Amino acid sequence: MNQLPRIVVLATGGTIAGASGNPASSAHYQAATVPVSSLLAAVPALKSVARIEAEQVAQVDSKDMTFALWAALAARVEHWSAQADVAGIVITHGTDTLEETAMALHLTQACPVPVVMTAAMRPSTSLSADGPLNLLDAVRVAAHPDACGKGVLVVLNQQIHAARDVAKAHTSAVDAFVSQCGPLGMVQDDYVRFARTPRQAWAIGPMPRAWPVVEIVASYAQPGRIAVDALVQAGVAGLVVAAAGNGSIHEVLAEALVDAAIAGVAVVRSSRTGAGHVAIPAHPSPSDGVFVSAADLNPYKARVLLALALAADPALARDPLRLQAAFAQA
Ligand code: SIN
């Protein structure tokens, strides 16, 4: 008789592990309190899909995510994916910063087996909690042969998303996660279907031991230059601008950013709109105000990429052509 696939669940906290004394409330609860053993016990159907092993890597509200936790998570992903009989890995996470952790793993993990992140918008004690089905679906996808070679995946609300593309786009709806070009596929009961393959994962390198400081600033009506000047003074290595529209930056902020670039800070333009590409310049020249484009990455994902790129090669801060290539490739 064929054995069920062995799937490892790495738990980090979030609302999927949240609890409230009032099941009728989905807004007032404590995130990251329920241990992974209880989350698994609440989904008996898991036993017919996989042999599950679980590790409580952390128990945090993902708003408090740290680089140290990313490193710990990456180390556990690498450990388990190197075991010959592990068929896939599932990571439970908070929804608030899932898109950033997903991006960091996407850029650093080779993924010899499927790595599937999942989460929930409602706490585990809520009426109509979405966590149990999301967890079951994530295990179904991680155990599915078609999930191999697709990089880090994100499964929620019966949809399969690419880690690079997915973002949280609603404060409370169970269909809060969207990818600009739509999901990669869907999962319904035992039926897992990929409609397309994700953009090829581009591994920048391992999680860095030391992260360069990269911050986000925004363009809006009547901005000052105080924040940019203070960040440059503080020694920031990179700045991502949440620019208006197709990467437009207020002239006051743009002036401050040109000075930042001349001082050796990497400057990348993203859009605050939440969708679309920021046009890629043929000849980025930040000291002349032609900043590197983040393409279709939102500011939070662009920050992860910029930090990882600068960690791997600090010289990129003064090489906008190569930095632009990194953004075009990721
Ligand atoms: C969190 O991100 O940890 C809390 C919110 C959530 O998971 O929905």
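Per an unreviewed UniProt entry, the protein chain is named Asparaginase, and its organism is Cupriavidus oxalaticus. The Sequence similarities (unreviewed entry) field of the UniProt record for the protein chain holds the comment "Belongs to the asparaginase 1 family."

1. Considering the UniProt feature "domain: L-asparaginase N-terminal" (unreviewed entry) in the protein chain
UniProt's entry tags residues 6-198 with the feature "domain: L-asparaginase N-terminal" (unreviewed entry), counted in the numbering of this structure. Structurally, residues 6-198 is divided into 23% helix and 27% strand, and its ends, taken at the C-alpha atoms, are 25 Å apart.

2. A word on the layout of surface pockets
Taken as a whole, the largest pocket holds about 470 Å³ of empty space. Every residue lining the largest pocket is counted, 26 residues in all, and those nearest its centre are E99, A167, G274, N298 and P299. For the lining of the largest pocket, the secondary structure elements donating two or more residues are α3 (98-108), β7 (166-168), β8 (177-179), β13 (266-271) and α7 (299-312). In terms of residue count, the dominant contributor to the lining of the largest pocket is α7 (three residues). Two domains share the lining of the largest pocket, each providing at least three of its residues, namely domain 1 (6-194) and domain 2 (214-329).

3. Examining the packing of aromatic side chains
According to the stated counting rule, one finds three aromatic pairs in the structure shown. Across from the ring centre of F194, 4.6 Å away, lies the NZ or CZ of K150, which sits over that ring.

4. A look at the environment of A162
On the secondary structure map, A162 appears in strand β6 (residues 159-162). Judged by its relative accessible area of 5%, A162 falls in the buried class. Each C-alpha atom of the pair A162 and H28 lies 30 Å from the other, and the pair is 134 residues apart in sequence. In this view, A162 contacts V152, L184 and P198; residues no more than four positions away in its chain are not counted.

5. Quick look at the nonpolar core
One finds I89, I91, L306, L323 and F327 to be the most contacted residues of the largest nonpolar core, which totals 55 residues. For this core, the leading source of residues is α7, giving eight residues. Counting only domains with at least three residues in this core, you end up with domain 1 (6-194) and domain 2 (214-329). Counting 29 residues, the second-largest nonpolar core is a separate cluster that includes I7, A17, A147 and V155.

6. Structural notes on the site of the ligand
Taken together, G14, T15, D61, S62, G94, T95, D96 and A120 make up the full set of residues adjacent to the ligand. At 2.9 Å from an oxygen atom of the ligand is found a main-chain nitrogen or oxygen belonging to T15. One nitrogen or oxygen atom from the side chain of S62 is found 2.6 Å from an oxygen atom belonging to the ligand. Against a free-state accessible area of 250 Å², the protein chains account for coverage of 95% of the ligand.

7. Overview of the sheet that holds strand β3 (residues 86-92)
Strands sit in the order β2-β1-β3-β4-β5-β6-β9-β10 across an open sheet of eight strands; the sheet is mixed. Looking along the sheet, the strands with just one partner apiece sit at the ends: β2 (51-60) and β10 (191-194). The average undirected angle you get between the axes of adjacent strands in this sheet is 20°. The pairing of strand β9 (residues 185-188) with β10 spans four bridges and is classified as antiparallel. Looking at β10, one finds that Q188 is bridged to Y191. Sheet strands touched by helix α2 (residues 67-81): β1 (6-13), β2, β3 and β4 (115-118). Its angle to β2, the strand with the most contacts, is close to 170°. Each of β3, β4 and β5 (152-156) touches α3; the most contacted strand, β4, lies at about 170° to it.

8. Examining the UniProt feature "active site" (unreviewed entry) in the protein chain
UniProt records the feature "active site" (unreviewed entry) at T15 and T95, using the numbering of this structure. Across 81 residues in sequence, these annotated residues keep their C-alpha atoms within 7.3 Å of one another, forming a single compact spot. Within the secondary structure, T15 is located in the loop between β1 and α1 (36-41). Those residues in contact with T15, other than ones at most four positions away along the chain, are Y29, A31, G94, A120, M121, R122, P123 and S124. The residue T95 is located in the loop between β3 and α3 in this model. Here T95 is in contact with S62, A119, A120, M121, K168 and F177, once residues within four sequence places are set aside.

9. As for the sheet that holds strand β14 (residues 292-293)
Taken together, four strands build an open sheet; the order of strands is β11-β12-β13-β14 and the sheet is parallel. One side of each edge strand has no neighbouring strand; the edge strands of this open sheet are β11 (214-218) and β14. Bridge count for β11 against strand β12 (residues 238-243) is five bridges, and the pairing is parallel. Each bridged residue has a counterpart across the sheet, and for A218 the counterpart in β12 is A242.

10. Some thoughts on α2
For α2, with 15 residues, the first-to-last C-alpha span of 21 Å sits near the 21 Å given by 1.5 Å per residue. Those residues of α2 that are buried are in contact with β1, β2, β3, α3, β4 and α7.

11. A few points about the pattern of salt bridges
Counting across every chain of the model gives 13 salt bridges. Across the pair R6 and D85 runs a salt bridge, and its minimum N-O distance is 2.6 Å. One end of the pair, R6, is in strand β1; the other, D85, is in the loop between α2 and β3, with 79 residues separating them in the sequence. Of the residues examined, R6 reaches a relative accessible area of 12% and is grouped as buried. Judged by its relative accessible area of 42%, D85 is partly exposed. Here D96 makes a salt bridge to K168, at a shortest N to O gap of 2.6 Å. Of the two residues, D96 sits in the loop between β3 and α3 while K168 sits in strand β7, which places them 72 residues apart along the sequence. Residue classification places D96 among the partly exposed residues on the basis of a relative accessible area of 44%. It is possible to trace a salt-bridge network through shared partners that takes in R6, E53 and D85.

Rules used throughout
Residues numbered from 1 in each chain as written. Predicted model: local features only at pLDDT ≥ 70, side-chain atom pairs only at ≥ 80, totals over all residues. Heavy atoms only, no water. UniProt positions renumbered as here; feature names shortened; annotations may be inferred. Helix = DSSP H or I, 4+ residues; strand = E, 2+ residues; numbered from the N terminus. 1 Å grid on protein atoms, 1.4 Å probe; cavity = no way out; pocket = protein on both sides within 12 Å on 5 of 7 lines; lining within 4 Å. Points joined across faces, edges and corners; volume = space filled by probe spheres on them. Domains from an automatic or database assignment. Phe/Tyr/Trp six-rings, centres within 6.5 Å; stacked < 30°, edge-to-face > 60°. Lys NZ or Arg CZ within 6 Å of the ring centre and 35° of its normal. Buried < 20%, exposed > 50% of the residue type's maximum accessible area, 1.4 Å probe, protein only. Contact = heavy atoms within 4.5 Å. Core = buried A, V, L, I, M, F, W, Y, C linked by side-chain atoms within 4.5 Å. Near = heavy atom within 4 Å. Polar contact = N/O pair within 3.5 Å; in protein donor to acceptor, adjacent residues only side chain to side chain. Areas by Shrake-Rupley, 256 points an atom, 1.4 Å probe, with all protein chains shown as cover. Pairing = 2+ DSSP bridges. Axes fitted to C-alpha atoms, helices over the stretch in contact; angles between N-to-C directions. Expected span 1.5 Å × (residues − 1). Salt bridge = Lys/Arg side-chain N within 4 Å of Asp/Glu carboxyl O.

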